[in-house]
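# Fold and geometry: a report
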Amino acid sequence: MELPGPWEPPYILATRRQARQVAGMLSQRPDLTAETTEFLQRFRQFVDTHAVPKPVSLGRLPKRIDLTLFALPVRADNAGRALPRALDGEDPLQPLRRLRMMYHRHALLDPNLCYSDVIARLLARDPHTRDESADAAPSLVEAVQTQRRFFEQLTAAFGRYIETKDKTEEHVLLNTCYTLLAYDSHSGRIDERLIETLYKEPETYLRGDLQTIRERHCGKLARLKRSIAGPIVARQLEKAKRATARTSLKSGVRSNLIRHLNDAASPDKLPGIEALVERALKLYREHAPSKDVVRVQGIVRNALQKHRFIHSFFEHHFLQPEIDGLYALLHAPRQTRSPRKRGSTESADLAEKLVISLHPTKDYFDFLKAITSADCTWWPNLAGTHLLSPHFINVRMFRKRYWMGNVYLLDYSEEANTIVIDRIQLQDPEAFLPLRFFADFITRLVEELARAAPACRIIAAESISNSPLAQQSFFARTRGLARVSFAFAEADQHFECAQGRPLVVLHA
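Bear in mind the structure is a predicted one, so any value in this text is a computation, not a measurement.

This part takes up the sheet that holds strand 7 (residues 418-426). Across a sheet, paired strands are connected by hydrogen bonds in the backbone, their directions being either parallel or antiparallel. Pairing within the open sheet is mixed, and its eight strands lie in the order 1-4-5-6-7-8-10-9. Of all strands in the sheet, those with a lone pairing partner are strand 1 (65-71) and strand 9 (483-484), marking the two edges. Where strand 8 (residues 457-461) and strand 10 (residues 503-507) come together, four bridges link them in antiparallel fashion. Residue pairing for strand 10: Ala460 is matched across the bridge by Val504. Contacting strand 1, strand 4 (352-361), strand 5 (392-399), strand 6 (402-412), strand 7, strand 8 and strand 10, helix 16 (residues 437-452) runs over the sheet at an angle of about 170° to strand 1. Running at roughly 75° to strand 10, helix 17 (residues 468-478) makes contact with strand 7, strand 8, strand 9 and strand 10 of the sheet.

Once that is clear, we can look at the nonpolar core. Leu96, Tyr103, Phe158, Tyr178, Leu180 and Phe318 are the most contacted members of the largest nonpolar core, which totals 69 residues. Here this core gets 11 residues from one element, more than from any other, and that element is helix 8 (residues 207-246). If we ignore the near neighbours within four places in the chain, the residues touching Leu96 are Pro202, Tyr205, Leu210, Ile213, Ile323, Leu326 and Leu350.

With that out of the way, let us pick up the packing of aromatic side chains. Enumeration over the complete set of coordinates arrives at 24 aromatic pairs. When the centroid spacing of 5.6 Å and the interplanar angle of 25° are considered together, the rings of Phe314 and Phe318 count as stacked. Residue Phe314 and its partner Phe318 are both found in helix 11 (residues 290-318); the two are separated by four residues, about one turn of the helix. A single burial state applies to Phe314 and to Phe318, both of which are buried. Every member of this aromatic cluster is reached through a ring pair, and the members are Tyr103, Phe158, Tyr161, Tyr178, Phe309, Phe313, Phe314 and Phe318. Here the guanidinium or amino end of Lys165 rests over the ring plane of Phe309, the centre of that ring lying 4.6 Å away. Above the plane of the ring of Trp403 lies Arg396, whose end atom (NZ or CZ) is 5.1 Å from the centre.

Right, let's talk about the pairing of strand 8 for a bit. Looking along a regular strand, one sees the side chains alternate between the two faces of the sheet. Judged by how many residues are buried, strand 8 sits mostly within the fold: four of five residues are covered. Examined bridge by bridge, strand 7 and strand 8 share four bridges and lie parallel to one another. Bridging across to strand 8, Ile419 finds its partner in Ile458. Each parallel crossover has a hand, and for strand 7 linked through helix 16 to strand 8 it is right-handed.

The subject of this paragraph is the confidence of the model for the protein chain. The predicted model of the protein chain has a mean per-residue pLDDT of 81, with 83% of residues at 70 or higher. Confidence drops under pLDDT 50 across residues 4-12; counting only partners more than four residues distant or on other chains, this segment forms 26 contacts. Within the model, the stretch residues 127-138 combines pLDDT values under 50 with 11 contacts to residues more than four positions away or in other chains.

Attention shifts here to the environment of Thr146. Here Thr146 lies in helix 5 (residues 140-164). Owing to a relative accessible area of 13%, Thr146 belongs among the buried residues under this scheme. Placed 27 residues apart in sequence, Thr146 and Ile119 show a C-alpha to C-alpha distance of 7.6 Å.

Excluding glycine, residues mostly have negative phi values, and the peptide bonds linking residues are mostly trans. A positive phi angle, near 55°, is found at Lys165, a position not held by glycine. Within the secondary structure layout, Lys165 lies in the loop between helix 5 and helix 6 (167-181). With a relative accessible area of 40%, Lys165 lands in the partly exposed category.

Enumeration according to the criterion identifies 19 salt bridges in this entry. In this structure, Asp48 and Arg20 form a salt bridge, with 2.8 Å as the shortest nitrogen-oxygen distance. Of this pair, Asp48 sits in helix 2 (residues 34-49) while Arg20 is found in helix 1 (residues 16-27), placing the two residues 28 residues apart along the sequence. The partly exposed category is assigned to Asp48, whose relative accessible area is 42%. Note that Asp66 is salt-bridged to Arg64, the shortest N-O span being 2.8 Å. Since its relative accessible area comes to 46%, Arg64 is described here as partly exposed. Connected through salt bridges with shared partners, the residues Asp191, Arg216 and Lys220 form a single ionic network.

Another aspect to go through is helix 2. The terminal C-alpha atoms of helix 2 lie 23 Å apart, and with 16 residues this matches the ideal 22 Å at 1.5 Å per residue to within 8%. Thr36, Phe39, Leu40, Arg42, Phe43, Phe46 and Val47 are the residues of helix 2 that are buried. Down the axis of helix 2, the smallest arc covering the buried residues is 155°, so these residues share one side. For helix 2, exposure combined with an orientation more than 90 degrees from the buried face picks out Ala34, Gln41, Gln45 and Thr49. Where helix 2 is buried, its residues contact helix 1, helix 13 (369-373) and helix 14 (382-388).

Attention shifts here to the packing of helix 3 (residues 94-106) against helix 6. The geometry of helix 3 relative to helix 6 is characterised by a closest axis approach of 8 Å and an angle of 105° between their N-to-C directions. Relative to helix 6, helix 3 is oriented roughly perpendicular. Residue-level inspection shows Leu99, Met102, Tyr103, Arg105 and His106 of helix 3 in contact with helix 6, the latter providing His171, Leu174, Asn175, Tyr178, Thr179 and Leu181.

Let us now look at the side chain of Asn175. Here Asn175 is to be found in helix 6. Those residues in contact with Asn175, other than ones at most four positions away along the chain, are Arg105 and His106.

A contiguous patch of positive charge on the surface is contributed by Lys239, Arg242, Arg246 and Arg295. Top element by residues in the positive patch is helix 8. It accounts for three residues. Mapped onto the elements of the fold, Lys239 is located in helix 8.

Scoring rules and cut-offs
Residues numbered from 1 in each chain as written. Predicted model: local features only at pLDDT ≥ 70, side-chain atom pairs only at ≥ 80, totals over all residues. Heavy atoms only, no water. Pairing = 2+ DSSP bridges. Helix = DSSP H or I, 4+ residues; strand = E, 2+ residues; numbered from the N terminus. Contact = heavy atoms within 4.5 Å. Axes fitted to C-alpha atoms, helices over the stretch in contact; angles between N-to-C directions. Core = buried A, V, L, I, M, F, W, Y, C linked by side-chain atoms within 4.5 Å. Buried < 20%, exposed > 50% of the residue type's maximum accessible area, 1.4 Å probe, protein only. Phe/Tyr/Trp six-rings, centres within 6.5 Å; stacked < 30°, edge-to-face > 60°. Lys NZ or Arg CZ within 6 Å of the ring centre and 35° of its normal. Right-handed = clockwise from strand over helix to strand, strands pointing away. pLDDT = per-residue confidence, 0-100. Salt bridge = Lys/Arg side-chain N within 4 Å of Asp/Glu carboxyl O. Expected span 1.5 Å × (residues − 1). Arc of directions from axis to C-beta. Parallel < 35°, antiparallel > 145°, perpendicular 65-115°, else oblique. Patch = residues over 30% accessible without salt bridge, like charges linked within 9 Å, V, L, I, M, F, W, Y side chains within 5 Å. Areas by Shrake-Rupley, 256 points an atom, 1.4 Å probe, with all protein chains shown as cover. Lys, Arg positive; Asp, Glu negative; His and termini not counted. Charge placed at Lys NZ, Arg CZ, Asp CG, Glu CD.

This is the structure we're talking about:
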């Protein structure tokens with residue numbers, strides 16, 4: 001339900017007359033449900049029968065606090081979906097920073113060398129092979145042979161690393177792979193577009209820059225992974241299939257296991273295939289010679305574990321899931337048939353500047369905060385109970401004229417020299433993706449509270465927000481801070497922060 005204008009900035013303390021007018025306006029809307037009608041009736045009844053007590057510190061707080069945040073815009077068709085698992089609440093663009101660091105640390109860039117020169121030089125560095133003609137100008141046939149020999153040696157080196165997990169071998173592999181990814185094999189030169197994009201500050205990225213990284217880094221990575229790891233995976237799965245075929249298991253059993261192993265070539269199917277194979281071997285153990293089942297089980301497990309290790313190696317060191325997750329969250333589909341419009345998603349900033357104004361309030365309109373907070377004060381009569389608490393203060397969050405959420409405070413400055421931040425509730429929590437929520441929002445809010453009540457400590461609930469990314473940021477930045485308990489008044493026991501869990505000390 002959209003809220004009309006009386007609670008828009010500037011700061012307003014609603015009178016009983018204004019609250020009745022708003023209740024009447026909302027009650028005339030044609031789209032009201034029975035539940036909303038009942039809620040508005042409770043609102044009018046509260047306005048007619050109760051006064052709203054004001055905490056002391058409310059008068060000392062500024063009437064408006066302006067915050068500037070950078071956030072990630074969300075595609076409309078992503079609204080309400082779970083966030084990508086790799087998204088970092090403290091800095092959602094951290095994957096881009098890490099990728100830049102990996103290229104800086106591992107890519108061996110020399111603008112004087114072409115792709116074939118790099119291949120020859122890397123081949124000559126391999127201690128397990130020698131290339132006497134590395135310095136000679138190769139013919140086309142020799143260059144192709146050199147490249148084939150190089151990838152054979154690289155696959156062999158990766159195979160050794162899988163067995164040993166040697167850190168020196170790992171470092172050499174990362175150097176080699178990032179160097180190859182930094183070059184464009186078609187032009188034979190350094191991929192300048194990729195490198196220039198990577199070395200921009202992520203806050204200045206356009207969404208087209210994210211697409212460049214996805215196409216040029218992730219696309220080349222998929223081909224490189226097939227070249228290096230594909231033969232190893234195929235060899236291990238083939239070994240497991242041959243071992244299965246040689247056993248005295250029934251032909252149907254062997255065929256079923258081999259079919260599962262064929263499907264295991266796809267990393268996406270790997271977890272399910274592992275479960276199917278284990279379940280099948282457990283069932284077959286009762287109907288086949290034990291030594292056959294044990295032998296097949298060992299070989300199959302070994303093959304699938306190596307396959308999983310290969311997949312996790314590339315995921316961990318090359319950040320493809322994180323890049324794909326950001327792309328899916330932020331990037332609108334390309335319009336293939338219509339011309340690109342100025343200011344379209346292809347050229348829009350990846351991060352957008354949000355100017356949010358905070359308005360500390362406590363008036364009749366705060367009864368309706370459940371609409372903008374998407375919280376439980378809608379149905380239990382918590383809206384009125386909150387307002388009747390002498391400690392409660394609401395801080396309305398606005399983006400221009402849009403009331404986007406609320407910050408719930410409990411002011412115990414008179415009794416216990418304490419102010420408690422109970423919750424930060426957003427109307428669209430999945431669409432609020434701040435880059436540095438704690439540094440840019442929480443820290444500034446705490447500064448203003450400390451300025452209004454300088455003798456007070458400021459504490460907060462550990463579970464502070466319904467926005468997943470804001471909550472992640474809060475967890476990350478408060479992990480080492482002190483925790484305390486606090487004795488809340490009986491009238492405040494229904495607040496989230498009063499449920500008996502430790503409270504975080506933000507300012508002492």
